[in-house]
Amino acid sequence: MNLALSSKPQSKFLIIPVFAKEKIPAVVRAIDKNLQLPALAIADFKNKLGAAQIVYTQDLRIMILGLGERKNFTPASWRSAIFSLSSRLQGVEADSCSLIIPSSIPERPDALVELTGFALTHSSYQFNEYKKDKKLSKLGQIDIVVKNKSKKLEKALTNGITIGLAANESRSLANHPGNHATPTTLANHALALAKKYKFSCTVLEPKEIEKEKMGLLMGVSRGSDEPSRFIVLEYGPKKKPAVALVGKGLTFDSGGISIKPSERMEEMKYDMCGGADVLGIFQAAAELNLPIHLVGIIPSTENLISGKATKPGDILVSKSGVTVEIINTDAEGRLILGDAIDYVKAHFDPRLIIDYATLTGAVLVALGDEYTGFFSNTKKYDRLFAQASTRTAEKFWPLPLPVEYEDHIKSSVAEIRNVGERGLAGATAGGMFLKHFVGETDWIHLDIAGTAWTMRPKSYTGIGATAWGVYLTVDFLRNLKITN
Ligand code: BES
Ligand code: MG
Ligand code: ZN
């Protein structure tokens, strides 16, 4: 689908977003003085966010798109409206349409245009690689009609599309099931990206992982015949202090010996969404030429069962020498991330670490499936992160890492154990475990277990992987100032 900026509608199919209780004819007349919409159609239209109704005039097809009440409008409303629009357009026989951006929308025009490019790209994504009957949309062209076309707005649209495509690529990677997306395919994807965008990528194989003494990652991968991979990406000016992005890359999580119930276990093919996020962010950062030194780390393995698998009660030793008692082999994400954090600290001494992990079911209990769990050991970046989150409509909610709960992960036989206290603050326990490895380095932990994928369509995305955090992080990074 082609998206282009335009100062006049190029198509006879107009999409007109309208706020509730505001006059539709006024918007329409701004486009064409003589245009009149059938009064009944307007009267019947119930303006809720995302509601859409098509009306016909003499020679135009017009879709009225509800934005809900003006006072409630946020970038998230716009993403929802665009997602409904995309869904409605699937069933429409048209090869082009013109989306009118009302100049009265309370948002900076360039931000709105970028978001539109992103949201249209994200919304039109379909994962149909395993289907013969691919329901392809007829729509080839959408003009985005703005009042004052400019170079700045053109750039904003291209950026939005670029970030959307990077997110979609990340989604595809995550949507492939465990037998197709293995640690090896994940690593190959990373190598291909690095080659295309000319940044560096090193992949450690089991022997090198052993040489690096990453005993936690080795412990998780013991039960699987699929060899693990430890992916290291590096982009941008190496003289500047690095920002490190660490992504959980569990290509399938059965739970191991502490096996999960079979109901919904298939969803555990998505347990590498954090890793896919990191790859998506690297792709976007490289495309946009962000002047930042980025390191990406993706420990990748399966968590399976065999005669070799790690058992409850086993004690593993991390890269930095921490002894860890395994109480539950299903708490594997924190293990591989512990080694990844040790590795990135030892090799890159980053200024800030951000990790992306489908870490705990408990975060779903606490926050549901619309908010990522946000943890940090610093307040330095909170505002910038929150601003990015509002702009990109990827929501999060802060959860604590209190000293009072440090005891929750104490072990009687090793230094720490891999679960917290039964029934208490499970998402926090995951965070506390990672904090043990992070130490004093500034750090943000994103528990994306509730937001990384969805099995039912949400107001702003279809089913499957969502690439939660790709847009947010790109927006965060381009506004971040790191000095030597
Ligand atoms: N990948 C899961 C977390 C998860 C569960 C994500 C459900 C999305 C939906 C993770 O590896 C896990 O199994 N965590 C355990 C930890 C527990 C044993 C302390 C969990 O949440 O049950
Ligand atoms: Mg698990
Ligand atoms: Zn997992």
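The structure displayed is predicted, hence computed values, not measured ones.

Calculation notes
Residues numbered from 1 in each chain as written. Chains lettered and ligands numbered in written order. Predicted model: local features only at pLDDT ≥ 70, side-chain atom pairs only at ≥ 80, totals over all residues. Heavy atoms only, no water. Salt bridge = Lys/Arg side-chain N within 4 Å of Asp/Glu carboxyl O. Helix = DSSP H or I, 4+ residues; strand = E, 2+ residues; numbered from the N terminus. Buried < 20%, exposed > 50% of the residue type's maximum accessible area, 1.4 Å probe, protein only. Donors = N, O, S within 2.8 Å, 3.2 Å for Na, K, Ca; no water. Tetrahedral: all angles 85-135°; square planar, octahedral: opposite > 155°, others 65-115°. Near = heavy atom within 4 Å. Polar contact = N/O pair within 3.5 Å; in protein donor to acceptor, adjacent residues only side chain to side chain. Areas by Shrake-Rupley, 256 points an atom, 1.4 Å probe, with all protein chains shown as cover. Phe/Tyr/Trp six-rings, centres within 6.5 Å; stacked < 30°, edge-to-face > 60°. Lys NZ or Arg CZ within 6 Å of the ring centre and 35° of its normal. Contact = heavy atoms within 4.5 Å. Pairing = 2+ DSSP bridges. Axes fitted to C-alpha atoms, helices over the stretch in contact; angles between N-to-C directions.

Asks: I would appreciate a short explanation of the pattern of salt bridges in the present structure.
Replies: Side-chain pairs of opposite charge can arise whenever the charged atoms involved come near each other. Applying the stated rule across the entire model yields 24 salt bridges. K152 is the salt-bridge partner of D110, the closest N and O atoms lying 3.8 Å from each other. Taken together, the residues span a long stretch of sequence, with D110 in helix 4 (residues 109-123) and K152 in helix 5 (residues 151-175) at a distance of 42 residues. By relative accessible area, K152 is classed as exposed at 55%. A single network of salt bridges, built from pairs that share partners, joins E114, R391, D475 and R478.

Asks: How should the coordination of the zinc ion (ligand 3) be read in this particular structure?
Replies: Six octahedrally arranged donors around a metal ideally form angles of 90 or 180 degrees; four tetrahedrally arranged donors ideally form angles of 109.5 degrees. Every protein donor of the zinc ion (ligand 3) is listed here as K248 (NZ), D253 (OD), D271 (OD) and E332 (OE), and their distances to the metal cover 2.0 to 2.4 Å. Bound by 6 donor atoms, the zinc ion (ligand 3) shows angles of 78 to 173 degrees at the metal and therefore octahedral coordination geometry. When the donor residues of the zinc ion (ligand 3) are listed from N- to C-terminus, their spacing reads K-x4-D-x17-D-x60-E. Distance-wise, the magnesium ion (ligand 2) is placed 3.2 Å from the zinc ion (ligand 3), both being coordinated by D253. Here E332 lies in the loop between strand 13 (323-325) and helix 10 (333-348) and D271 lies in the loop between strand 10 (249-253) and helix 9 (273-287), a separation of 61 residues in the sequence.

Asks: Even after reading the chapter, I still don't get the coordination of the magnesium ion (ligand 2), so can you show me in this structure?
Replies: Protein coordination at the magnesium ion (ligand 2) comes from D253 (OD), D330 (O), D330 (OD) and E332 (OE), with a distance range of 2.0 to 2.2 Å. As a motif over one chain, the donors of the magnesium ion (ligand 2) read D-x76-D-x1-E. A relative accessible area of 2% means that D253 is categorised as buried.

Asks: It is not clear to me how the site of ligand 1 should be interpreted in this structure. Could you clarify?
Replies: Around ligand 1 there are 17 residues in total, and D253, K260, D330, E332 and G361 lie nearest to it. At a separation of 2.7 Å, an oxygen atom of ligand 1 approaches a polar side-chain atom of D330. Interatomic distance of 2.7 Å between a backbone N/O atom of G361 and an oxygen atom of ligand 1. Within the complex, 78% of the 520 Å² of free accessible area of ligand 1 lies under protein.

Asks: Would you mind showing me how to read the packing of aromatic side chains here?
Replies: Here the distance between the centres and the angle between the planes together describe a pair of aromatic rings. Counting across every chain of the model gives 15 aromatic pairs. Considering the side-chain rings of F433 and F437, the 5.3 Å spacing of their centres and the 40 degrees angle between planes classify their relative orientation as tilted. Remark: F437 and F433 occur in helix 13 (residues 426-438); sequence separation between them is 4 residues, near one turn of the helix. In this pair, the class of F433 matches that of F437, namely buried. Three or more aromatic residues joined by ring pairs form one cluster here, namely F374, Y381, F385, F396 and F476. The ring of Y371 is capped by K395, whose NZ or CZ atom sits 5.4 Å from the centre of that ring.

Asks: Explain the environment of S11 here, please?
Replies: Examined against the element boundaries, S11 turns out to sit in the loop between strand 1 (2-6) and strand 2 (13-18). Looking at S11, the relative accessible area reads 10%, which means it is buried. Residues S11 and C97 lie 86 residues apart in sequence; the distance between their C-alpha atoms is 5.3 Å. Those residues in contact with S11, other than ones at most four positions away along the chain, are S96, C97, S98 and D143. Within the structure, the side chain of S11 is placed 2.9 Å from the backbone nitrogen of F13, a separation counted as a polar contact. Among the polar contacts made by the side chain of S11, one reaches the main-chain carbonyl oxygen of S96 at a distance of 3.2 Å.

Asks: It is not clear to me how the sheet that holds strand 12 (residues 315-317) should be interpreted in this structure. Could you clarify?
Replies: Spatially, 12-13-17 is the arrangement adopted by the 3 strands of the open sheet, whose pairing is mixed. Taken across any chain shown, the strands that pair with only one partner, and hence form the sheet edges, are strand 12 and strand 17 (416-417). The pairing of strand 12 with strand 13 spans 3 bridges and is classified as antiparallel. Considered in strand 13, the bridge of I315 is made with E325.

Asks: Would you mind going over the side chain of N159 with me for this structure?
Replies: With respect to the element layout, N159 can be found in helix 5. In this structure, N159 is in contact with E114, L288 and R478, ignoring residues within four places of it in sequence.

Asks: What is the right way to read the sheet that holds strand 4 (residues 61-66) from this model?
Replies: Sheet strands pair via backbone hydrogen bonds, and the direction of the pair is either parallel or antiparallel. Reading across from one edge, 1-6-5-2-4-3 is the order of the 6 strands in this open sheet, with mixed pairing throughout. Of all strands in the sheet, those bounded by a partner on one side alone are strand 1 and strand 3 (52-56). Direction aside, the axes of adjacent strands within the sheet are offset by 25 degrees on average. Examined bridge by bridge, strand 3 and strand 4 share 5 bridges and lie antiparallel to one another. Across the sheet, residue A52 finds its bridge partner in strand 4, namely L65. Set on the sheet, helix 4 makes contact with strand 1, strand 5 (96-100) and strand 6 (141-145); between it and strand 1 the angle comes to about 160 degrees.

Without other data, these values stay purely geometric and don't point to any function.
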